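Here is how the chains run, residue by residue.
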Amino acid sequence: MKMRSQYAWIKWCMEAVLAAMAVLPTAANPAVPSAPEPKDVPELMTTFKGEKVTTREQWEKVRAPELLAEFTREEYGRRPVERPKTLSFAAAEPDAVMMDGKAIRKRVRVSYGGKYGTNEFTFTAFIPRQEQPAPAFILICNRSAAENIDPTREKKSDFWPAEQIVARGYAAIAFWNGDIAPDCNRGLSEGVFAVFGDTSRPDRPKDAWGVLSAWAWGASRVMDWIETEPLLDAKHVAVVGHSRGGKTALVAGVYDKRFAMACSNDSGCSGAKLNHIDLPRSEHLADIVTTFPYWFCRNYVRHVNAEKSWRVDQHEFVALIAPRLVCIASATGDAWAGPEGEYASGALASPAWELYGKKGLVSNGFPPPETPLQEGCISYHLRTGKHNLTPYDWKVYMDFADRHGWRK
Ligand code: GCU
């Protein structure tokens, strides 16, 4: 009898240990981060004057323009130019059939000029060889171009699985952000900035554009070319970016309505991450404007350590993409980007889609990893792993486009 109760005790202890192991984070079982509740979030559907927004007309005439003006003046900055009159396209190399005959590669040189000079950048497009015009994904590449977007395909990178994208019937297009403006303080006086005005001086206008907006401007110029290319379906083009590129993809989607989808991968602070949520391990404005002041307009510093008393938050930036499609992605091992805050922005942006009779993010709460939420017009997924853009993320984005009938 005594022996039996001893065994029962040992068995109980072992079960307790095993149960604890199942909920504790281990390499094999990464924790689903617990989701803190957002607090005192600025109300998306109330104007700055305190009026409730209940119709699409009020949204389009009053609320969306005032939000856009606020984000432009306070965060991303005002652009001196959209499509320059001098913009032109030329083949940088002859077209080539590649990927075992499955794709046509085009290398396009984009040239432009402004008051202070001229400049150019070249991008690559792999277009599936098929009867009908192909929908497309444009990557704003913020990593080494040679390693990640090699036009020869001698170097292949999971960051831009162009073969996988083409195999699914989508054109894979990529440009390097550094070709638009270098990713450093000096960026403000080079690339596109050097052509349209020097913004590097310390007294540059406080609302003049920063580098994120310039990179997004580059994506729009690629879109200008897509509209001229009969092999492509300009009505179904997604802009994709990771991290700083993910912030940029949102900027591109907000400022250019021709993008039918914006995919913001691990974009974090000043991207999809909500500020009104307590995520102490995530990046805050104080961090980002110290290290990357040139990404933003000068006014942004006013909100450092005061983001919770600012009258807008990033869910309202995401909402400016409605009624088009948005993908927000996070990774379990990416506390710096704040996955729960990225998710919260999608959830809180959703009423903008509802004004159009659509659904935003359809969810029952912060999801476990590898469970994409794709029922509405906002896709959210949490991926197991590190801060990165992977073939799995690309698969989720393409599944979402498929779901919305992008491949006829
Ligand atoms: C830094 C920065 C982030 C950014 C990231 C990236 O970590 O703090 O805001 O998203 O770089 O672009 O990889």
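Up top is the structure these notes are about.
Residues numbered from 1 in each chain as written. Predicted model: local features only at pLDDT ≥ 70, side-chain atom pairs only at ≥ 80, totals over all residues. Heavy atoms only, no water.

A word on the site of the ligand
No. 1: All residues in the neighbourhood of the ligand are listed as Ser-243, Arg-244, Lys-247, Glu-283, Ile-288, Phe-292, Trp-295, Trp-336 and His-387.
No. 2: Contacts to the ligand include Glu-283, whose side-chain N or O atom sits 2.5 Å from an oxygen atom.
No. 3: One of the side-chain N or O atoms of Trp-336 is found 3.0 Å from an oxygen atom in the ligand.
No. 4: Protein contact buries 81% of the 320 Å² of open area that the ligand shows by itself.
No. 5: Along the lines of polarity and charge, the residues of the shell around the ligand split into four nonpolar, two polar and three charged. (Near = heavy atom within 4 Å. Polar contact = N/O pair within 3.5 Å; in protein donor to acceptor, adjacent residues only side chain to side chain. Areas by Shrake-Rupley, 256 points an atom, 1.4 Å probe, with all protein chains shown as cover. Nonpolar A, V, L, I, M, F, W, Y, C, P; charged D, E, K, R; others polar.)

Some words on the pairing of strand E5 (residues 171–176)
When a strand is regular, its side chains alternate between the sheet's two faces.
No. 1: Most of E5 is tucked away, with five of its six residues classed as buried.
No. 2: Across three bridges, the pairing between strand E3 (residues 117–128) and E5 is antiparallel. Opposite Phe-126, over in E5, you have Ala-172 as the bridge partner.
No. 3: Summarising the sheet, strand E4 (residues 134–141) and E5 pair through six bridges and their orientation is parallel. Each residue of the ladder has a partner; that of Ile-138, found in E5, is Ile-173. (Buried < 20%, exposed > 50% of the residue type's maximum accessible area, 1.4 Å probe, protein only. Helix = DSSP H or I, 4+ residues; strand = E, 2+ residues; numbered from the N terminus. Pairing = 2+ DSSP bridges.)

Looking at the packing of helix H2 (residues 56–76) against helix H7 (residues 244–255)
No. 1: Where H2 contacts H7, the axes come no closer than 12 Å and their chain directions differ by 145°. Crossing angle aside, the handedness with which H2 passes H7 is left-handed. Residues Leu-68, Phe-71, Thr-72 and Tyr-76 of H2 form the contact with H7, whose participating residues are Val-251, Val-254 and Tyr-255.
No. 2: Class assignment of the residues belonging to the contact of H2 with H7 gives a composition of six nonpolar, one polar and no charged. (Axes fitted to C-alpha atoms, helices over the stretch in contact; angles between N-to-C directions. Left-handed = near helix turned anticlockwise from the far one by under 90°. Contact = heavy atoms within 4.5 Å.)

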